[in-house]
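What the coordinates show
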Amino acid sequence: MNEEQRKISDIARKLWTTLIETGESNLRTTFQASPRKTLLKDETNDYIGKNVFQGVSLWDEKYFIEDITFYNALIPYHWVNRKKYLSDVFDCDNFAFYFSSSIANIFGINTAGIASGTVYDAKTGKKLDRHAFNLILATDNGVIKPYLFEPMKGIMTEWKGQKTTLGDWKYQIEWMEFF
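Residues numbered from 1 in each chain as written. Predicted model: local features only at pLDDT ≥ 70, side-chain atom pairs only at ≥ 80, totals over all residues. Heavy atoms only, no water.

Glancing now at the packing of aromatic side chains. The final tally for this structure, using the stated rule, is ten aromatic pairs. For the pair Phe70 and Tyr71, a centre-to-centre distance of 5.1 Å together with 80° between the ring planes defines the contact as edge-to-face. The same class applies to Phe70 as to Tyr71, namely buried. Among the aromatic side chains, those forming a connected cluster through ring pairs are Phe70, Tyr71 and Phe107. If you follow Lys153 out to its NZ or CZ, it ends over the ring of Trp169, 4.4 Å from the centre. One Lys or Arg, Lys163, reaches over the ring of Tyr120 and ends 4.2 Å from the middle of that ring. (Phe/Tyr/Trp six-rings, centres within 6.5 Å; stacked < 30°, edge-to-face > 60°. Buried < 20%, exposed > 50% of the residue type's maximum accessible area, 1.4 Å probe, protein only. Lys NZ or Arg CZ within 6 Å of the ring centre and 35° of its normal.)

Set out below in structure tokens:
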């Protein structure tokens, strides 16, 4: 690469970095996250243990919970389900981590957790495969509720316990982490 090409590459890198930072800032302004509740680590662990799954890994001391209306407004515009699936490179676990990380990074909300387990065919009940997805804690009329989010499809439903149905699958959690 000659000096002129290096300068052009540097300008392009700075431009793309600026576009990403501006985009994140515009998302914060447009969707204006303002956590409705804050739970301490032990409170979060107790809630998840009673309502979702025993044995969640929690990395933070405080957990910030947004209202479900925030996610209902954001999800149609979130770019995660527009990403291209690449087997073993950018697959279900990457989609789930990407969504969780973007919510924490852009909006300061750390209650879009990662879950993995087994998915089943919703019609036949046949075991399909291992799968990673998101489990979101959000308020609904002031009450904390868990929501299952499928980041590869951009769809969500309230978590109703193991084998909750969303789309064509039933989801069973075997591991969960919030960070």
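And the narrative resumes.
We now examine the pattern of salt bridges. What the rule picks out here adds up to nine salt bridges. Linking Lys145 and Glu158 is a salt bridge whose minimum nitrogen-to-oxygen distance equals 4.0 Å. Here Lys145 is found in strand β6 (residues 143-150), whereas its partner Glu158 is found in strand β7 (residues 155-158), with 13 residues between them in sequence. When its relative accessible area of 24% is taken as the criterion, Glu158 is described as partly exposed. In this structure, Lys160 engages Glu158 in a salt bridge whose closest nitrogen and oxygen atoms are separated by 3.7 Å. By relative accessible area, which is 65% here, Lys160 ends up exposed. Via salt bridges that share partners, Glu3, Arg6, Asp10 and Arg13 belong to a single interconnected network. (Salt bridge = Lys/Arg side-chain N within 4 Å of Asp/Glu carboxyl O. Helix = DSSP H or I, 4+ residues; strand = E, 2+ residues; numbered from the N terminus.)

This part takes up the packing of helix α1 (residues 3-31) against helix α4 (residues 92-107). Orientation of α1 relative to α4, taken along the N-to-C sense of each, is 80°, at an axis distance of 9 Å. Taken together, the axes of α1 and α4 are roughly perpendicular relative to one another. Seen from α1, the contacting residues are Glu24, Leu27, Arg28 and Phe31; seen from α4, they are Asn105, Ile106 and Phe107. Classifying every residue of the contact of α1 with α4 by side-chain character gives four nonpolar, one polar and two charged. (Axes fitted to C-alpha atoms, helices over the stretch in contact; angles between N-to-C directions. Parallel < 35°, antiparallel > 145°, perpendicular 65-115°, else oblique. Contact = heavy atoms within 4.5 Å. Nonpolar A, V, L, I, M, F, W, Y, C, P; charged D, E, K, R; others polar.)

On to the side chain of Ser116. Looking at the secondary structure, you find Ser116 in strand β4 (residues 112-121). Ignoring anything within four residues of it in the chain, the contact list for Ser116 reads Arg130, His131, Ala132, Phe133, Gln172, Ile173, Glu174 and Trp175.

What follows concerns the pairing of strand β9 (residues 169-178). Where strand β2 (residues 57-58) lies against β9, two bridges are found, and the strand directions are parallel. Considered in β9, the bridge of Leu58 is made with Phe178. As judged from the eight bridges shared by β4 and β9, these two strands associate in the antiparallel manner. Bridging from a neighbouring strand, Asp121 pairs with Trp169 of β9. One ladder, built from three bridges, connects strand β8 (residues 164-166) with β9; its direction is antiparallel. What sits directly across from Thr165, in β9, is Lys170. (Pairing = 2+ DSSP bridges.)

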